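Chain residues, written in single-letter form:
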Amino acid sequence: MALRFGADVSTAETDYGTVLLDERSGDYWELNPSGTLVVKTLLGGGEERDAVDALVARFDIDRAQATQDVAALVQELRASGLAA
């Protein structure tokens, strides 16, 4: 399922990934380059399997670990209220 951030979430790309700001709470989240790739893929309309494919293609990671990492990141972003 594609991902989208709530209206109260601001993003800024840095040299080291992406920073997310939850404007409701003032909490910051930092995504490393692999997290940034996952989020960009999902925000662009891709599915979780597309994000897994992108991770495997770009980083030295096996498919099983990439699948687990994508699911964990998506779950955490949704549980935190940052994403739907």
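The shown structure was predicted, so the numbers you read here are calculated from the model rather than taken from an experiment.

## A look at the pairing of strand 2 (residues 17–22)
Link 1 in the chain: The sheet contact formed by strand 1 (residues 9–14) and strand 2 spans six bridges and is antiparallel. Bridge pairing links Glu-13 to Thr-18 in strand 2.
Link 2 in the chain: Between strand 1 and strand 2, which pair antiparallel and follow one another directly, the connecting turn spans two residues.
Link 3 in the chain: Pairing of strand 2 with strand 3 (residues 27–31), which is carried by five bridges, proceeds in the antiparallel orientation. Within the sheet, the bridge partner assigned to Asp-22 lies in strand 3 and is Asp-27.
Link 4 in the chain: Hairpin geometry of strand 2 and strand 3 is characterised by an intervening segment of four residues between the two adjacent antiparallel strands and by a positive phi of about 85° at Gly-26.

## Some words on helix 3 (residues 63–79)
Link 1 in the chain: In this model, helix 3 (17 residues) spans 24 Å end to end at C-alpha, consistent with the 24 Å of a helix rising 1.5 Å per residue.
Link 2 in the chain: The complete set of buried residues in helix 3 reads Ala-66, Val-70, Leu-73, Val-74 and Leu-77. The arc enclosing the buried residues of helix 3, seen along the axis, measures out at 95°, which places them on a common side. For helix 3, exposure combined with an orientation more than 90 degrees from the buried face picks out Ala-64, Gln-68, Gln-75 and Ala-79.
Link 3 in the chain: Lining the buried residues of helix 3 we find strand 2, strand 3, helix 1 (33–43) and helix 2 (48–58).
Link 4 in the chain: Regarding helix 3, its N-cap is Asp-62, as a side-chain oxygen of that residue lies 3.1 Å from the backbone nitrogen of Ala-64 further along.

## Here we look at the nonpolar core
Link 1 in the chain: Core analysis: the largest hydrophobic core is formed by 20 residues, its most contacted members being Phe-5, Val-38, Val-70 and Leu-77.
Link 2 in the chain: Counting residues per element, the ones that place at least two in this core are helix 1, helix 2 and helix 3.
Link 3 in the chain: The element best represented in this core is helix 3, accounting for five residues.
Link 4 in the chain: For Val-38, the contacting residues outside a window of four places in its chain are Ala-51, Leu-55, Val-70 and Leu-73.

## Things to note about the sheet that holds strand 3
Link 1 in the chain: What the three strands build is an open sheet, ordered 1-2-3; its pairing is antiparallel. Whereas interior strands pair on both sides, the edge strands pair on one side only; in this sheet they are strand 1 and strand 3. Each strand axis lies, on average, 20° off the axis of its neighbour in the sheet, ignoring direction.
Link 2 in the chain: Lying on the sheet, helix 1 is in contact with strand 1, strand 2 and strand 3; it crosses strand 3 at an angle near 100°.

Conventions and cut-offs
- Residues numbered from 1 in each chain as written.
- Predicted model: local features only at pLDDT ≥ 70, side-chain atom pairs only at ≥ 80, totals over all residues.
- Heavy atoms only, no water.
- Pairing = 2+ DSSP bridges.
- Helix = DSSP H or I, 4+ residues; strand = E, 2+ residues; numbered from the N terminus.
- Expected span 1.5 Å × (residues − 1).
- Buried < 20%, exposed > 50% of the residue type's maximum accessible area, 1.4 Å probe, protein only.
- Arc of directions from axis to C-beta.
- Contact = heavy atoms within 4.5 Å.
- Polar contact = N/O pair within 3.5 Å; in protein donor to acceptor, adjacent residues only side chain to side chain.
- Core = buried A, V, L, I, M, F, W, Y, C linked by side-chain atoms within 4.5 Å.
- Axes fitted to C-alpha atoms, helices over the stretch in contact; angles between N-to-C directions.

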